[in-house]
Amino acid sequence: MTGRIIGTGSYVPEQVVTNEDLAKIVDTTDEWIVTRTGIHERRIAVHEGTSEMAAKAARRALEDAGMEAGELDIILLATSSPDNCFPNGACEVQAAIGAKNAVAFDISAACSGFEFALSTVQAFLQAGIYKTALIIGVDCLSKLTDWNDRSTCVLFGDGAGAAVLRAEETGVIHSVMGSDGTKGPVLSCSARTGGNFLNGKRPELGFIYMDGQEVFKFAVKKVPECIQQVLKESGTDIDEVKYFVLHQANYRICESVAKRLKQPLDKVPMNIGSYGNTSGATVPILLDELNRQGKLERGDKIVMAGFGGGLTWGAALVEW
Ligand code: UT7
């Protein structure tokens with residue numbers, strides 16, 4: 001037994017923010033953003049939070065799967081921008097969609113969160129502990145962004161993507177996860193730190209900090225490595241893979257990964273131009289687009305791969 005993806009869904013907020021819009025608030029240009037990242041515009045949540053976006057994507061995934069929320073055994077929500085410290089976002093989604101028979105909890109692995117959620121539920125499904133699962137990658141980084149910092153505020157967008165899995169004979173073939181906590185400071189966002197009644201300080205909120213070049217170097221090395229690992233350990237030839245569904249952080253990273261894997265760029269779909277980097281949501285949003293465009297057929301093999309804060313990375317080989 002393994003977990004097979006039987007439905008996908010996604011949601012992005014309505015509000016479009018273009019590069020020109022950002023050029024009015026920080027010292028940047030459309031030309032810089034497009035040539036360095038591939039991003040033309042992003043969606044920003046105005047009236048909704050992380051859990052609401054997640055619930056909208058979840059409902060669409062359940063509808064695509066033809067499944068009722070009450071049939072779900074487990075909900076894993078991957079985010080690094082939850083609405084609350086607690087209750088967790090997965091429980092809020094559980095309540096919103098009426099998944100009364102599921103256990104629900106969050107996973108925090110930044111932009112690798114969806115791959116971590118997939119690997120985790122796959123273990124439960126493979127072990128026979130649960131039969132059905134909903135996994136969600138969602139982030140609302142606009143609320144953690146310093147809108148005066150041009151080096152980060154042009155990169156991110158808000159959104160959610162979800163997948164429903166069921167225990168079946170085929171599906172997730174193999175997955176790998178990794179982390180290196182010693183490199184944590186290169187991509188971080190502290191939250192509510194430093195205050196309590198003894199030191200008399202109020203907790204302070206932090207903003208996203210990123211050493212872009214360090215993260216870039218890490219990504220172009222680690223992503224091909226973990227993809228090769230997942231293929232090698234499953235005895236799969238790279239040419240059997242139809243698509244590499246990669247975390248959308250920068251089109252230049254996707255290009256570099258394709259080059260290092262010696263794979264044509266048309267096997268690396270991208271939508272970063274429309275949504276920017278939605279963190280844990282990029283892979284499931286892209287997966288949902290491919291699914292809804294009819295580009296995935298039963299038996300196709302795809303690789304999903306993410307990397308991000310932690311530092312963390314993960315890849316999964318899936319038979320559709
Ligand atoms: O999902 C989480 C993982 N995150 C990532 O994967 C991001 C990985 N990193 C990147 O994608 C790239 O490093 C960035 C897109 C963030 C930056 O691109 P870069 O080619 O590494 O640029 P840089 O940081 O070396 O900056 C080059 C120049 C600098 O000016 P000087 O020092 O050369 O005068 C920056 O100050 O560009 C400047 N700059 C900007 N200029 C206009 C930085 N941000 C901007 C901006 N507009 N928004």
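Description of the structure in this document. Predicted model, so just to flag it, every value in this text is computed and none were measured. (Residues numbered from 1 in each chain as written. Predicted model: local features only at pLDDT ≥ 70, side-chain atom pairs only at ≥ 80, totals over all residues. Heavy atoms only, no water.)

1. Observations regarding the state of the cysteines
Turning to step 1, where the next piece is worked out: A complete count under the given rule lists 0 disulfides for this structure.
Turning to step 2, where the next piece is worked out: Free of any disulfide, Cys140 has its nearest cysteine sulfur in Cys189, 12 Å distant.
Turning to step 3, where the next piece is worked out: Here Cys226 stays unpaired: no disulfide links it, and the sulfur of Cys254, its closest cysteine neighbor, is 13 Å away.
Turning to step 4, where the next piece is worked out: A residue is classified by how much of its surface remains accessible, and Cys226, at 1% relative accessible area, is buried. (Disulfide = S-S within 2.5 Å. Buried < 20%, exposed > 50% of the residue type's maximum accessible area, 1.4 Å probe, protein only.)

2. Considering the pairing of strand E11 (residues 241–246)
Turning to step 1, where the next piece is worked out: Among the 6 residues of E11, 5 are classified as buried, and the element is accordingly described as predominantly covered.
Turning to step 2, where the next piece is worked out: Relative to strand E12 (residues 301–308), E11 runs parallel, the two sharing 5 bridges. Bridged to Phe244 within E12 is Val303. (Helix = DSSP H or I, 4+ residues; strand = E, 2+ residues; numbered from the N terminus. Pairing = 2+ DSSP bridges.)

3. Remarks on the sheet that holds strand E4 (residues 74–78)
Turning to step 1, where the next piece is worked out: Pairing in this open sheet of 5 strands is mixed, and the strands run E1-E7-E6-E4-E5 from one edge to the other. Each edge of the open sheet carries a strand with a single partner, namely strand E1 (2–11) and strand E5 (103–107). Neighbour to neighbour, the strand axes of the sheet diverge by 20° on average, direction disregarded.
Turning to step 2, where the next piece is worked out: In the sheet, E4 pairs with strand E6 (residues 132–140) via 5 bridges, with the strands oriented parallel. (Axes fitted to C-alpha atoms, helices over the stretch in contact; angles between N-to-C directions.)

4. Digging into the nonpolar core
Turning to step 1, where the next piece is worked out: Membership of the largest hydrophobic core comes to 45 residues, with the highest contact counts inside it found for Ile227, Leu231, Phe244, Leu246 and Phe307.
Turning to step 2, where the next piece is worked out: Where this core is concerned, the elements lending two or more residues are helix H7 (212–233), E11, helix H8 (251–260), E12 and strand E13 (312–319).
Turning to step 3, where the next piece is worked out: The element that contributes the greatest number of residues to this core is H7, accounting for 9 residues.
Turning to step 4, where the next piece is worked out: When residues no more than four places from it in sequence are discounted, the contact partners of Phe307 are Cys111, Ser112, Val215, Phe218, Ala219, Val223, His247, Ala249, Ile253, Thr312 and Trp313. (Core = buried A, V, L, I, M, F, W, Y, C linked by side-chain atoms within 4.5 Å. Contact = heavy atoms within 4.5 Å.)

5. Digging into the site of the ligand
Turning to step 1, where the next piece is worked out: Near the ligand you find 23 residues, and of these Thr28, Gln213, His247, Asn250 and Asn277 are the closest.
Turning to step 2, where the next piece is worked out: In the model, an oxygen atom of the ligand is placed 3.1 Å from a nitrogen or oxygen of the Arg252 side chain.
Turning to step 3, where the next piece is worked out: Separating an oxygen atom of the ligand from a side-chain N or O atom of Asn277 is a distance of 2.6 Å.
Turning to step 4, where the next piece is worked out: When the ligand is considered free in solution it has 950 Å² of accessible area, and contact with the protein chains removes 73% of it.
Turning to step 5, where the next piece is worked out: When contributions to the shell around the ligand are tallied by element, the ones reaching two or more residues are helix H2 (30–37), helix H6 (150–153), H7 and H8.
Turning to step 6, where the next piece is worked out: If you tally residues by element for the shell around the ligand, the top one is H7, at 4 residues.
Turning to step 7, where the next piece is worked out: Along the lines of polarity and charge, the residues of the shell around the ligand split into 11 nonpolar, 8 polar and 4 charged. (Near = heavy atom within 4 Å. Polar contact = N/O pair within 3.5 Å; in protein donor to acceptor, adjacent residues only side chain to side chain. Areas by Shrake-Rupley, 256 points an atom, 1.4 Å probe, with all protein chains shown as cover. Nonpolar A, V, L, I, M, F, W, Y, C, P; charged D, E, K, R; others polar.)

All we've got here are geometric facts, nothing functional implied.
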